[in-house]
Amino acid sequence: MKRFWMPLVAALTLLGACAQQPRRAAGDDMAALIDTQLHFAARQYQVLARNTPPDVMPRSFEKGKPVTSDTRWWTSGFYPGTLWLTYEYTRDPATLAEAERRLAILEKEKHHTGDHDIGFMIFNSFGNAYRITGDARYKAVVDTAAQTATQRYRPAMKSIQSWNSSSRFQSPVIVDNLMNLELLLWAAQNGGDAKLREIAINHADTTLRNHFRSDYSSYHVVDYDPETGEPKRKITAQGAADESAWARGQAWGLYGYTMLYRFTRDPRYLAQARGIASFILDHRNLPADKIPYWDFDAPGIPDALRDASAGAIIASALLELGQYAEGSERTRYVETAATMLRSLAAPPYRAALGDNGGFLLQHSVGSIPHGSEVDVPLTYADYYFVEALLRYRRWYLPKG
Ligand code: GLY
């Protein structure tokens, strides 16, 4: 879809929804929406499975063709993760069989040290597999991966190094890296070494100190001197500018500190998550359908591209943050997440059955500065969409 039509279509969709549902309380329509979307996911992912050769993972669908990656790419855990989440709801045997096949090719990444992304790769896939099945073989993969992650820990920086040193960076840490801490915290909490938790907390505290501005927006990259641990530069790689608020970076920060509060009950992490939520929800550039532009300061707003992946991550994070809030604050988080899920579940975001290469969502952005994955489907948009649907069901639908 041409970018100048998107705000118009989104506004009309929203108006249509409002016209049909005057003053409807959040949640009334969500049970049916969740059921429909999760059954759709099982059917649509059969198309994605057919489009994906057995030895690789899906990555996107561009110009009418599937784009795949080998399992070393940072997104390799999301496809199997989405299959497991979908299976959790539908109990569809074909979804289970495909999930198991994909774990078999992914398992070797438990030794992945090429970057910080082992949490995305292994926890979202094997972690869900273990949670759903209780199979100890899956837990063993998670435990090994958590140990592997510590190899990138730099004691002088009190952080896990994200990307390798290069002509551009000395020892970079990106805000996204908070997401990989879930692997360490979970492993520590489930029989692992206390050192895993210590590393995760050190990293979270260093990021809290160095990545955020006074308005709770975050820089994308902080480049450290690995000898002294001093932050040297605060810049962007995937955002619109060094001082801008790249939408997915804000989403990772929100999700990250909410998750950190779950494991630690440290009020500083909760305060940080609440601050980031306020930055996002109060932002003048957050559209009415609540799916962010790819950067809150993107040039060309309101004609800038949206990022459905940022919307899905934020929706999932707000639903967890709602668990730690009360009254009007909780209502705001949950109702905003419901608005996001309604938006993502409809055109122009949700694809039609058989379209979009078998991905669920359209209109995500990988990296505009690199001209990579611009306005396309992405595995992680689908993953957090499905996770948010399940979270809404678990925490906010009446039981029974
Ligand atoms: N961690 C990479 C991204 O969010 O694009």
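Scoring rules and cut-offs
Residues numbered from 1 in each chain as written. Predicted model: local features only at pLDDT ≥ 70, side-chain atom pairs only at ≥ 80, totals over all residues. Heavy atoms only, no water. Helix = DSSP H or I, 4+ residues; strand = E, 2+ residues; numbered from the N terminus. Rg over C-alpha atoms; globule rule 2.2 N^0.38 Å. Buried < 20%, exposed > 50% of the residue type's maximum accessible area, 1.4 Å probe, protein only. Phe/Tyr/Trp six-rings, centres within 6.5 Å; stacked < 30°, edge-to-face > 60°. Lys NZ or Arg CZ within 6 Å of the ring centre and 35° of its normal.

K.L.:
A description of the overall build of the protein should follow, citing residues and the corresponding values.
P.N.:
Counting its secondary structure elements, the protein contains 13 helices and nine strands. Relative to its length of 400 residues, the protein is compact, with a C-alpha radius of gyration of 20 Å against a globular reference of 21 Å. Dimensions of the protein along its principal axes, counting C-alpha atoms only, are 60 × 45 × 45 Å. Going through the 400 residues of the protein one by one, you find that 60% of them count as buried.

K.L.:
Describe the packing of aromatic side chains, and please don't skip the residues or the numbers.
P.N.:
Applying the stated rule across the entire model yields 24 aromatic pairs. Between the aromatic rings of Trp74 and Phe120, the centroid separation amounts to 5.2 Å while the plane-to-plane angle is 65°, which identifies the pairing as edge-to-face. With Trp74 in the loop between strand 2 (65-69) and helix 3 (78-90) and Phe120 in helix 5 (residues 118-133), this residue pair connects regions lying 46 residues apart in the sequence. What makes Trp74 buried here is its relative accessible area of 16%. Residue classification places Phe120 among the buried residues on the basis of a relative accessible area of 2%. An aromatic cluster is built from Trp74, Phe78, Phe120, Trp252, Tyr255, Tyr380, Tyr383 and Tyr384, whose rings are joined through pairwise contacts. Taking NZ or CZ as reference, Arg213 lies 4.1 Å from the ring centre of Tyr219, over its face. Cation over ring: Arg350 sits above Phe40, and NZ or CZ is 3.4 Å from the ring centre.

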